[in-house]
Amino acid sequence: MISDPLILTIVILVVMFSLLLTSLWIGVSLILTGIIGMLIYEHHLPPIISIYDKIGDLLASSLYDALNSWSLAALPMFILMGEILYKSSISTKLLNGLKPWLNYIPGGLLHVNVAACSLFAAVSGSSAATTATVGKITLDELKKRGYSKSIAMGSLAGAGTLGFLIPPSLIMIIYGVLADTSIGKLFIAGIIPGLLLATLYSVYIMIISKIDKTAEPKVKESFTLKQKIDSLKDLIPILLLITVILGSIYGGIATPTEAAALGVLGSILLAVYFKSFNYEIFKNAIMNTVVTSSMISFIIAGAVFLSQVIGFLGIARAMSEFIIGLGLSPLVLILLIGVMYIILGMILEGVSIVVMTLPIVLPIILLSGFDALWFGVFLVFMVEMAQITPPVGFSLFVIQSISGEKIETIVKATFPFFILMVVTVAIITFFPEIVHYLPNKMIK
(Lines give C-alpha, C1' and ligand atoms only; values in the text may rest on other atoms or scores of the structure.)
Protein backbone atom coordinates (compact mmCIF):
# COMPACT_ATOMS: atom_id res chain seq x y z
CA MET A 1 0.00 0.00 0.00
CA ILE A 2 1.15 3.56 -0.80
CA SER A 3 0.14 6.71 1.04
CA ASP A 4 2.63 9.34 -0.22
CA PRO A 5 0.77 11.51 -2.80
CA LEU A 6 3.89 12.23 -4.89
CA ILE A 7 4.75 8.54 -5.22
CA LEU A 8 1.09 7.85 -6.00
CA THR A 9 1.22 10.48 -8.75
CA ILE A 10 4.25 8.85 -10.37
CA VAL A 11 2.68 5.38 -10.14
CA ILE A 12 -0.62 6.60 -11.64
CA LEU A 13 1.16 8.34 -14.52
CA VAL A 14 3.21 5.22 -15.26
CA VAL A 15 0.09 3.04 -15.14
CA MET A 16 -1.86 5.43 -17.38
CA PHE A 17 0.81 5.68 -20.07
CA SER A 18 1.44 1.92 -19.92
CA LEU A 19 -2.25 1.21 -20.52
CA LEU A 20 -2.37 3.70 -23.39
CA LEU A 21 0.61 2.01 -25.03
CA THR A 22 -1.38 -1.23 -25.08
CA SER A 23 -3.83 0.47 -27.52
CA LEU A 24 -6.72 0.20 -25.07
CA TRP A 25 -9.53 2.69 -25.56
CA ILE A 26 -8.68 5.96 -23.84
CA GLY A 27 -11.82 5.85 -21.68
CA VAL A 28 -11.04 2.32 -20.50
CA SER A 29 -7.42 3.29 -19.76
CA LEU A 30 -8.53 6.23 -17.61
CA ILE A 31 -11.06 4.18 -15.65
CA LEU A 32 -8.57 1.33 -15.06
CA THR A 33 -5.93 3.85 -13.96
CA GLY A 34 -8.35 5.25 -11.39
CA ILE A 35 -9.29 1.79 -10.11
CA ILE A 36 -5.62 0.73 -9.78
CA GLY A 37 -4.85 4.01 -7.98
CA MET A 38 -7.64 3.30 -5.49
CA LEU A 39 -6.45 -0.27 -4.92
CA ILE A 40 -2.81 0.61 -4.18
CA TYR A 41 -3.65 3.52 -1.86
CA GLU A 42 -3.37 2.99 1.90
CA HIS A 43 -6.98 3.62 2.88
CA HIS A 44 -8.45 4.70 6.19
CA LEU A 45 -12.08 3.86 5.57
CA PRO A 46 -14.67 2.89 8.21
CA PRO A 47 -14.75 -0.91 8.74
CA ILE A 48 -18.24 -1.16 7.29
CA ILE A 49 -17.07 0.27 3.94
CA SER A 50 -14.81 -1.82 1.69
CA ILE A 51 -12.53 -0.30 -0.94
CA TYR A 52 -14.57 -2.05 -3.64
CA ASP A 53 -17.73 -0.32 -2.40
CA LYS A 54 -15.90 3.02 -2.55
CA ILE A 55 -14.66 2.33 -6.09
CA GLY A 56 -18.20 1.40 -7.15
CA ASP A 57 -19.66 4.55 -5.58
CA LEU A 58 -17.05 6.81 -7.19
CA LEU A 59 -17.42 5.15 -10.59
CA ALA A 60 -21.22 5.37 -10.57
CA SER A 61 -21.31 8.98 -9.40
CA SER A 62 -18.61 10.10 -11.83
CA LEU A 63 -20.31 8.47 -14.83
CA TYR A 64 -23.58 10.16 -13.89
CA ASP A 65 -21.96 13.55 -13.18
CA ALA A 66 -19.94 13.45 -16.42
CA LEU A 67 -22.78 12.64 -18.79
CA ASN A 68 -25.75 14.27 -17.02
CA SER A 69 -24.83 17.69 -18.39
CA TRP A 70 -27.01 19.92 -20.55
CA SER A 71 -23.86 21.69 -21.77
CA LEU A 72 -22.60 18.39 -23.16
CA ALA A 73 -25.65 18.21 -25.43
CA ALA A 74 -23.96 20.85 -27.60
CA LEU A 75 -21.24 18.36 -28.51
CA PRO A 76 -23.21 16.03 -30.85
CA MET A 77 -25.03 19.02 -32.34
CA PHE A 78 -21.82 20.78 -33.40
CA ILE A 79 -20.35 17.48 -34.62
CA LEU A 80 -23.47 16.87 -36.74
CA MET A 81 -23.28 20.41 -38.14
CA GLY A 82 -19.65 19.91 -39.13
CA GLU A 83 -20.40 16.52 -40.71
CA ILE A 84 -23.19 17.97 -42.86
CA LEU A 85 -20.98 20.83 -44.03
CA TYR A 86 -18.07 18.45 -44.65
CA LYS A 87 -20.05 15.94 -46.71
CA SER A 88 -21.92 18.50 -48.78
CA SER A 89 -20.35 20.84 -51.33
CA ILE A 90 -20.40 23.87 -49.02
CA SER A 91 -16.64 23.80 -48.46
CA THR A 92 -16.05 24.06 -52.23
CA LYS A 93 -18.43 27.02 -52.40
CA LEU A 94 -16.46 28.66 -49.58
CA LEU A 95 -13.19 28.39 -51.51
CA ASN A 96 -14.72 29.65 -54.74
CA GLY A 97 -16.17 32.60 -52.91
CA LEU A 98 -12.82 33.57 -51.37
CA LYS A 99 -10.62 33.32 -54.48
CA PRO A 100 -11.54 36.61 -56.20
CA TRP A 101 -11.01 38.64 -53.00
CA LEU A 102 -7.60 37.25 -51.99
CA ASN A 103 -5.87 37.07 -55.37
CA TYR A 104 -4.30 40.55 -55.26
CA ILE A 105 -2.76 40.35 -51.77
CA PRO A 106 0.98 39.46 -51.63
CA GLY A 107 0.95 35.68 -51.41
CA GLY A 108 -2.24 35.55 -53.47
CA LEU A 109 -4.25 32.36 -53.16
CA LEU A 110 -1.94 31.04 -50.41
CA HIS A 111 -4.16 33.12 -48.11
CA VAL A 112 -7.09 30.94 -49.14
CA ASN A 113 -5.90 28.27 -46.70
CA VAL A 114 -5.93 30.72 -43.79
CA ALA A 115 -9.20 32.42 -44.72
CA ALA A 116 -11.02 29.20 -45.63
CA CYS A 117 -9.82 27.40 -42.48
CA SER A 118 -10.86 30.37 -40.32
CA LEU A 119 -14.36 30.44 -41.80
CA PHE A 120 -14.81 26.66 -41.88
CA ALA A 121 -13.53 26.44 -38.29
CA ALA A 122 -16.33 28.80 -37.28
CA VAL A 123 -18.95 26.32 -38.48
CA SER A 124 -17.15 23.02 -37.91
CA GLY A 125 -15.48 22.83 -34.47
CA SER A 126 -13.03 20.11 -35.55
CA SER A 127 -9.44 20.71 -36.64
CA ALA A 128 -9.27 17.37 -38.43
CA ALA A 129 -12.42 18.17 -40.46
CA THR A 130 -11.15 21.69 -41.19
CA THR A 131 -7.72 20.50 -42.37
CA ALA A 132 -9.10 17.63 -44.47
CA THR A 133 -11.91 19.64 -46.05
CA VAL A 134 -9.85 22.68 -47.02
CA GLY A 135 -6.76 20.64 -47.93
CA LYS A 136 -8.59 18.39 -50.38
CA ILE A 137 -9.69 21.47 -52.29
CA THR A 138 -6.67 23.77 -52.08
CA LEU A 139 -3.42 21.77 -52.21
CA ASP A 140 -3.69 20.42 -55.76
CA GLU A 141 -5.27 23.66 -56.97
CA LEU A 142 -2.44 25.81 -55.56
CA LYS A 143 0.21 23.47 -57.00
CA LYS A 144 -1.38 23.62 -60.47
CA ARG A 145 -1.37 27.43 -60.35
CA GLY A 146 2.37 27.57 -59.52
CA TYR A 147 2.28 28.34 -55.79
CA SER A 148 4.88 26.98 -53.36
CA LYS A 149 3.72 23.57 -52.16
CA SER A 150 5.79 23.93 -48.98
CA ILE A 151 4.06 27.15 -47.91
CA ALA A 152 0.70 25.73 -48.98
CA MET A 153 1.18 22.66 -46.74
CA GLY A 154 2.57 24.70 -43.83
CA SER A 155 -0.25 27.25 -43.92
CA LEU A 156 -2.82 24.45 -44.15
CA ALA A 157 -1.34 22.67 -41.11
CA GLY A 158 -1.22 25.87 -39.08
CA ALA A 159 -4.59 27.29 -40.10
CA GLY A 160 -6.28 23.89 -39.87
CA THR A 161 -5.77 23.90 -36.11
CA LEU A 162 -8.06 26.95 -35.88
CA GLY A 163 -10.93 24.45 -35.75
CA PHE A 164 -10.16 24.07 -32.04
CA LEU A 165 -9.76 27.78 -31.29
CA ILE A 166 -12.37 29.63 -33.33
CA PRO A 167 -15.78 28.69 -31.91
CA PRO A 168 -17.66 26.44 -31.88
CA SER A 169 -14.89 24.20 -30.58
CA LEU A 170 -15.25 20.58 -29.47
CA ILE A 171 -12.21 20.91 -27.19
CA MET A 172 -13.75 23.97 -25.52
CA ILE A 173 -16.96 22.02 -24.84
CA ILE A 174 -14.96 19.19 -23.26
CA TYR A 175 -12.87 21.64 -21.20
CA GLY A 176 -15.94 23.59 -20.10
CA VAL A 177 -17.64 20.42 -18.84
CA LEU A 178 -14.54 19.13 -17.01
CA ALA A 179 -13.51 22.52 -15.56
CA ASP A 180 -17.07 23.69 -14.78
CA THR A 181 -16.52 26.82 -16.88
CA SER A 182 -19.06 28.66 -19.04
CA ILE A 183 -18.87 27.17 -22.54
CA GLY A 184 -20.46 30.30 -24.00
CA LYS A 185 -17.73 32.51 -22.52
CA LEU A 186 -15.06 30.05 -23.70
CA PHE A 187 -16.44 30.25 -27.23
CA ILE A 188 -16.40 34.04 -27.24
CA ALA A 189 -12.98 34.18 -25.55
CA GLY A 190 -11.44 32.21 -28.43
CA ILE A 191 -12.49 34.67 -31.16
CA ILE A 192 -9.85 37.41 -30.77
CA PRO A 193 -6.90 35.00 -30.14
CA GLY A 194 -8.05 32.95 -33.14
CA LEU A 195 -8.21 35.99 -35.40
CA LEU A 196 -4.84 37.17 -34.05
CA LEU A 197 -3.25 33.84 -34.96
CA ALA A 198 -4.85 33.86 -38.43
CA THR A 199 -3.56 37.42 -38.96
CA LEU A 200 -0.01 36.41 -38.01
CA TYR A 201 -0.20 33.53 -40.50
CA SER A 202 -1.28 35.90 -43.28
CA VAL A 203 1.40 38.48 -42.41
CA TYR A 204 4.04 35.72 -42.54
CA ILE A 205 2.76 34.56 -45.94
CA MET A 206 2.94 38.14 -47.27
CA ILE A 207 6.50 38.60 -45.97
CA ILE A 208 7.80 35.24 -47.25
CA SER A 209 6.16 35.89 -50.64
CA LYS A 210 8.10 39.14 -50.94
CA ILE A 211 11.36 37.42 -49.97
CA ASP A 212 10.93 34.18 -51.94
CA LYS A 213 9.95 34.95 -55.53
CA THR A 214 9.08 31.28 -56.16
CA ALA A 215 6.36 31.33 -53.49
CA GLU A 216 3.72 32.49 -55.96
CA PRO A 217 3.35 32.60 -59.77
CA LYS A 218 4.65 35.70 -61.54
CA VAL A 219 1.39 36.05 -63.47
CA LYS A 220 -1.73 35.89 -61.34
CA GLU A 221 -5.26 35.07 -62.34
CA SER A 222 -7.42 38.19 -62.66
CA PHE A 223 -11.06 38.61 -61.65
CA THR A 224 -13.56 41.18 -62.86
CA LEU A 225 -15.77 43.20 -60.54
CA LYS A 226 -18.76 41.15 -61.70
CA GLN A 227 -16.97 37.91 -60.74
CA LYS A 228 -16.20 39.34 -57.30
CA ILE A 229 -19.81 40.32 -56.75
CA ASP A 230 -21.04 36.95 -58.04
CA SER A 231 -18.73 35.18 -55.55
CA LEU A 232 -20.60 36.79 -52.66
CA LYS A 233 -23.55 34.45 -53.24
CA ASP A 234 -21.27 31.62 -52.09
CA LEU A 235 -19.83 33.54 -49.12
CA ILE A 236 -22.79 35.41 -47.64
CA PRO A 237 -24.88 32.32 -46.63
CA ILE A 238 -21.89 30.85 -44.76
CA LEU A 239 -21.16 34.19 -43.06
CA LEU A 240 -24.82 34.38 -42.03
CA LEU A 241 -24.61 30.93 -40.42
CA ILE A 242 -21.52 31.99 -38.43
CA THR A 243 -23.27 35.21 -37.38
CA VAL A 244 -26.37 33.33 -36.20
CA ILE A 245 -24.35 30.87 -34.10
CA LEU A 246 -21.91 33.30 -32.47
CA GLY A 247 -24.29 36.27 -32.39
CA SER A 248 -26.96 34.33 -30.52
CA ILE A 249 -24.43 33.28 -27.85
CA TYR A 250 -22.75 36.70 -27.57
CA GLY A 251 -26.09 38.52 -27.40
CA GLY A 252 -27.39 36.25 -24.65
CA ILE A 253 -30.23 35.06 -26.90
CA ALA A 254 -29.23 31.39 -26.89
CA THR A 255 -27.12 29.02 -24.84
CA PRO A 256 -24.30 27.15 -26.66
CA THR A 257 -26.56 24.07 -26.80
CA GLU A 258 -29.42 26.05 -28.35
CA ALA A 259 -26.99 27.75 -30.76
CA ALA A 260 -25.71 24.30 -31.74
CA ALA A 261 -29.25 23.23 -32.64
CA LEU A 262 -29.61 26.41 -34.71
CA GLY A 263 -26.30 25.54 -36.38
CA VAL A 264 -27.56 22.08 -37.40
CA LEU A 265 -30.73 23.59 -38.85
CA GLY A 266 -28.66 26.26 -40.61
CA SER A 267 -26.24 23.72 -42.08
CA ILE A 268 -29.15 21.67 -43.48
CA LEU A 269 -30.73 24.80 -44.99
CA LEU A 270 -27.36 25.77 -46.49
CA ALA A 271 -26.88 22.30 -47.99
CA VAL A 272 -30.40 22.48 -49.47
CA TYR A 273 -29.73 26.01 -50.77
CA PHE A 274 -26.54 24.83 -52.52
CA LYS A 275 -28.41 21.73 -53.81
CA SER A 276 -26.00 19.34 -52.13
CA PHE A 277 -28.24 17.65 -49.56
CA ASN A 278 -29.75 14.19 -49.82
CA TYR A 279 -30.73 11.24 -47.65
CA GLU A 280 -27.35 9.50 -48.04
CA ILE A 281 -25.40 12.57 -46.87
CA PHE A 282 -27.71 13.02 -43.88
CA LYS A 283 -27.54 9.32 -42.92
CA ASN A 284 -23.73 9.24 -43.06
CA ALA A 285 -23.54 12.48 -41.06
CA ILE A 286 -25.83 11.04 -38.36
CA MET A 287 -23.85 7.77 -38.13
CA ASN A 288 -20.49 9.54 -37.88
CA THR A 289 -21.92 11.89 -35.25
CA VAL A 290 -23.14 8.97 -33.11
CA VAL A 291 -19.74 7.23 -33.29
CA THR A 292 -17.72 10.37 -32.56
CA SER A 293 -20.02 11.60 -29.77
CA SER A 294 -20.05 8.19 -28.06
CA MET A 295 -16.25 7.99 -28.18
CA ILE A 296 -15.77 11.49 -26.73
CA SER A 297 -18.45 10.96 -24.04
CA PHE A 298 -16.74 7.75 -22.91
CA ILE A 299 -13.42 9.59 -22.68
CA ILE A 300 -15.03 12.39 -20.65
CA ALA A 301 -16.61 9.87 -18.26
CA GLY A 302 -13.23 8.19 -17.72
CA ALA A 303 -11.57 11.56 -17.15
CA VAL A 304 -14.16 12.62 -14.56
CA PHE A 305 -13.71 9.30 -12.70
CA LEU A 306 -9.93 9.71 -12.68
CA SER A 307 -10.38 13.31 -11.50
CA GLN A 308 -12.52 12.16 -8.57
CA VAL A 309 -9.98 9.47 -7.68
CA ILE A 310 -7.15 12.02 -7.74
CA GLY A 311 -9.18 14.25 -5.42
CA PHE A 312 -9.98 11.32 -3.10
CA LEU A 313 -6.31 10.29 -2.90
CA GLY A 314 -5.20 13.86 -2.13
CA ILE A 315 -2.92 14.01 -5.18
CA ALA A 316 -4.24 17.34 -6.52
CA ARG A 317 -3.82 19.03 -3.14
CA ALA A 318 -0.32 17.58 -2.61
CA MET A 319 0.82 18.53 -6.11
CA SER A 320 -0.53 22.05 -5.67
CA GLU A 321 1.26 22.45 -2.33
CA PHE A 322 4.47 21.09 -3.83
CA ILE A 323 4.41 23.48 -6.79
CA ILE A 324 3.50 26.46 -4.60
CA GLY A 325 6.32 25.47 -2.21
CA LEU A 326 8.85 25.81 -5.03
CA GLY A 327 8.18 29.54 -5.07
CA LEU A 328 7.93 29.73 -8.86
CA SER A 329 6.55 32.90 -10.37
CA PRO A 330 3.27 32.48 -12.30
CA LEU A 331 5.06 33.10 -15.62
CA VAL A 332 7.74 30.48 -14.94
CA LEU A 333 5.02 28.04 -13.89
CA ILE A 334 3.00 28.59 -17.07
CA LEU A 335 6.20 28.25 -19.12
CA LEU A 336 6.96 24.86 -17.53
CA ILE A 337 3.38 23.71 -18.06
CA GLY A 338 3.53 24.88 -21.69
CA VAL A 339 6.74 22.90 -22.28
CA MET A 340 5.09 19.86 -20.65
CA TYR A 341 2.13 20.11 -23.04
CA ILE A 342 4.38 20.46 -26.08
CA ILE A 343 6.23 17.28 -25.03
CA LEU A 344 2.92 15.46 -24.42
CA GLY A 345 1.80 16.63 -27.87
CA MET A 346 4.62 14.59 -29.41
CA ILE A 347 3.06 11.34 -28.17
CA LEU A 348 -0.65 12.02 -27.56
CA GLU A 349 -3.55 13.60 -29.44
CA GLY A 350 -5.44 16.63 -28.18
CA VAL A 351 -8.47 15.17 -26.40
CA SER A 352 -6.27 12.73 -24.48
CA ILE A 353 -3.99 15.55 -23.32
CA VAL A 354 -6.91 17.58 -21.98
CA VAL A 355 -8.71 14.81 -20.12
CA MET A 356 -5.58 13.24 -18.63
CA THR A 357 -3.82 16.37 -17.39
CA LEU A 358 -6.67 18.66 -16.34
CA PRO A 359 -7.45 16.99 -12.98
CA ILE A 360 -3.86 17.59 -11.82
CA VAL A 361 -2.96 20.81 -13.64
CA LEU A 362 -6.10 22.93 -13.17
CA PRO A 363 -5.93 23.18 -9.33
CA ILE A 364 -2.28 24.28 -9.58
CA ILE A 365 -3.16 26.88 -12.22
CA LEU A 366 -6.00 28.32 -10.12
CA LEU A 367 -3.84 28.51 -6.97
CA SER A 368 -1.17 30.36 -8.96
CA GLY A 369 -3.56 33.19 -9.79
CA PHE A 370 -4.66 32.27 -13.33
CA ASP A 371 -8.38 31.94 -14.02
CA ALA A 372 -10.11 28.97 -15.62
CA LEU A 373 -11.38 30.95 -18.63
CA TRP A 374 -7.92 32.16 -19.67
CA PHE A 375 -6.40 28.72 -19.06
CA GLY A 376 -9.08 27.18 -21.29
CA VAL A 377 -7.87 29.27 -24.24
CA PHE A 378 -4.23 28.58 -23.32
CA LEU A 379 -4.95 24.85 -23.23
CA VAL A 380 -6.63 24.99 -26.65
CA PHE A 381 -3.42 26.51 -28.04
CA MET A 382 -1.47 23.62 -26.50
CA VAL A 383 -3.83 21.14 -28.14
CA GLU A 384 -3.38 22.97 -31.46
CA MET A 385 0.38 22.54 -31.12
CA ALA A 386 -0.17 18.84 -30.47
CA GLN A 387 -1.96 18.63 -33.83
CA ILE A 388 1.20 19.69 -35.71
CA THR A 389 3.90 18.22 -33.44
CA PRO A 390 5.57 15.01 -34.64
CA PRO A 391 5.41 12.06 -34.34
CA VAL A 392 1.68 11.95 -33.42
CA GLY A 393 0.50 15.28 -34.87
CA PHE A 394 -2.84 14.25 -36.39
CA SER A 395 -3.01 17.18 -38.82
CA LEU A 396 0.38 16.13 -40.23
CA PHE A 397 -1.02 12.71 -41.12
CA VAL A 398 -4.14 14.26 -42.65
CA ILE A 399 -1.97 16.44 -44.91
CA GLN A 400 0.28 13.49 -45.74
CA SER A 401 -2.73 11.46 -46.88
CA ILE A 402 -3.89 14.36 -49.07
CA SER A 403 -0.52 15.46 -50.51
CA GLY A 404 1.44 12.17 -50.65
CA GLU A 405 4.54 14.00 -49.31
CA LYS A 406 6.96 12.54 -46.77
CA ILE A 407 6.16 13.40 -43.16
CA GLU A 408 9.55 15.09 -42.63
CA THR A 409 8.83 17.44 -45.56
CA ILE A 410 5.49 18.39 -44.04
CA VAL A 411 7.04 18.92 -40.59
CA LYS A 412 9.68 21.25 -42.08
CA ALA A 413 6.99 23.24 -43.92
CA THR A 414 4.89 23.48 -40.77
CA PHE A 415 7.64 24.65 -38.38
CA PRO A 416 7.34 28.44 -39.09
CA PHE A 417 3.62 28.27 -38.34
CA PHE A 418 4.32 26.36 -35.12
CA ILE A 419 6.62 29.23 -34.06
CA LEU A 420 3.87 31.76 -34.83
CA MET A 421 1.57 29.76 -32.57
CA VAL A 422 4.15 29.99 -29.77
CA VAL A 423 4.35 33.77 -30.32
CA THR A 424 0.57 34.06 -30.04
CA VAL A 425 0.58 32.09 -26.77
CA ALA A 426 3.23 34.47 -25.41
CA ILE A 427 1.07 37.47 -26.41
CA ILE A 428 -2.07 36.22 -24.62
CA THR A 429 0.03 35.28 -21.59
CA PHE A 430 1.49 38.78 -21.21
CA PHE A 431 -1.79 40.43 -22.25
CA PRO A 432 -4.59 38.22 -20.82
CA GLU A 433 -7.13 40.99 -21.44
CA ILE A 434 -7.09 39.84 -25.08
CA VAL A 435 -8.87 36.68 -23.91
CA HIS A 436 -11.21 38.45 -21.45
CA TYR A 437 -12.27 41.43 -23.57
CA LEU A 438 -15.22 39.90 -25.45
CA PRO A 439 -16.52 37.69 -22.59
CA ASN A 440 -16.64 40.79 -20.36
CA LYS A 441 -18.78 42.53 -22.99
CA MET A 442 -21.26 39.67 -23.34
CA ILE A 443 -24.92 40.33 -22.57
CA LYS A 444 -25.76 38.29 -19.47
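Described below are features of the structure shown in this document. Note that the structure is a prediction, hence the values are computed from the model and not measured. (Residues numbered from 1 in each chain as written. Predicted model: local features only at pLDDT ≥ 70, side-chain atom pairs only at ≥ 80, totals over all residues. Heavy atoms only, no water.)

1. Some remarks on the side chain of T429
Then comes step 1: The topology assignment puts T429 in helix α21 (residues 407-430).
Then comes step 2: Side-chain polar atoms of T429 contact the backbone oxygen of V425, separated by 2.7 Å.
Then comes step 3: Apart from residues no more than four positions distant in its own chain, T429 is found in contact with L331, I334, W374 and F378. (Helix = DSSP H or I, 4+ residues; strand = E, 2+ residues; numbered from the N terminus. Polar contact = N/O pair within 3.5 Å; in protein donor to acceptor, adjacent residues only side chain to side chain. Contact = heavy atoms within 4.5 Å.)

2. Some words on the nonpolar core
Then comes step 1: One finds L30, F78, Y175, Y341, F375 and F381 to be the most contacted residues of the largest nonpolar core, which totals 140 residues.
Then comes step 2: It is helix α19 (residues 372-387) that provides the largest number of residues to this core, a total of 13 residues. (Core = buried A, V, L, I, M, F, W, Y, C linked by side-chain atoms within 4.5 Å. Buried < 20%, exposed > 50% of the residue type's maximum accessible area, 1.4 Å probe, protein only.)

3. A closer look at unusual backbone geometry
Then comes step 1: Non-glycine residue D180 carries a positive phi angle of around 55°.
Then comes step 2: Tracing the chain through its elements places D180 in the loop between α10 (170-179) and α11 (183-189).
Then comes step 3: With relative accessibility at 73%, the residue D180 sits in the exposed group.
Then comes step 4: The backbone phi angle of K275 is positive, close to 55°, even though this residue is not glycine.
Then comes step 5: Take K275: it is sitting in the loop between α14 (256-273) and α15 (279-313).
Then comes step 6: The exposure class assigned to K275 is exposed, which follows from its relative accessible area of 79%.

4. Some points on the packing of aromatic side chains
Then comes step 1: All told, the structure shown has nine aromatic pairs when counted by the stated rule.
Then comes step 2: Summarising the aromatic geometry, the rings of Y175 and F375 are spaced 6.5 Å apart at their centres and angled 55° between planes, so their arrangement reads as tilted. With a gap of 200 residues between them, Y175 in helix α10 and F375 in helix α19 connect regions that are remote in the sequence.
Then comes step 3: Judged by its relative accessible area of 1%, Y175 falls in the buried class.
Then comes step 4: Taking relative accessible area as the criterion, F375 reaches 0% and is therefore assigned buried.
Then comes step 5: Between the aromatic rings of Y273 and F274, the centroid separation amounts to 5.0 Å while the plane-to-plane angle is 65°, which identifies the pairing as edge-to-face.
Then comes step 6: What links up through ring pairs into an aromatic cluster is the set Y175, F370, W374, F375 and F378. (Phe/Tyr/Trp six-rings, centres within 6.5 Å; stacked < 30°, edge-to-face > 60°.)

5. Let's talk about the packing of helix α8 (residues 149-160) against α21
For any two helices packed against each other, the geometry is given by the interaxial angle and the distance between the axes.
Then comes step 1: Where α8 contacts α21, the two axes come as close as 8 Å, and the packing angle between them is 50°. Relative to α21, the element α8 is oriented oblique. Crossing geometry of α8 relative to α21 is assigned as right-handed. Between α8 and α21, the contacting residues are S150, I151, M153, G154, S155, A157 and G158 on the first element and T409, I410, A413, T414, F417 and M421 on the second.
Then comes step 2: For the contact of α8 with α21, the class distribution of residues is seven nonpolar, six polar and no charged. (Axes fitted to C-alpha atoms, helices over the stretch in contact; angles between N-to-C directions. Parallel < 35°, antiparallel > 145°, perpendicular 65-115°, else oblique. Left-handed = near helix turned anticlockwise from the far one by under 90°. Nonpolar A, V, L, I, M, F, W, Y, C, P; charged D, E, K, R; others polar.)

6. Considerations on the environment of T292
Then comes step 1: Among the secondary structure elements, T292 is positioned in helix α15.
Then comes step 2: Its relative accessible area of 24% is what places T292 among the partly exposed residues.
Then comes step 3: Taking the C-alpha atoms as reference points, T292 and D371, 79 residues apart in sequence, are found 30 Å from one another.

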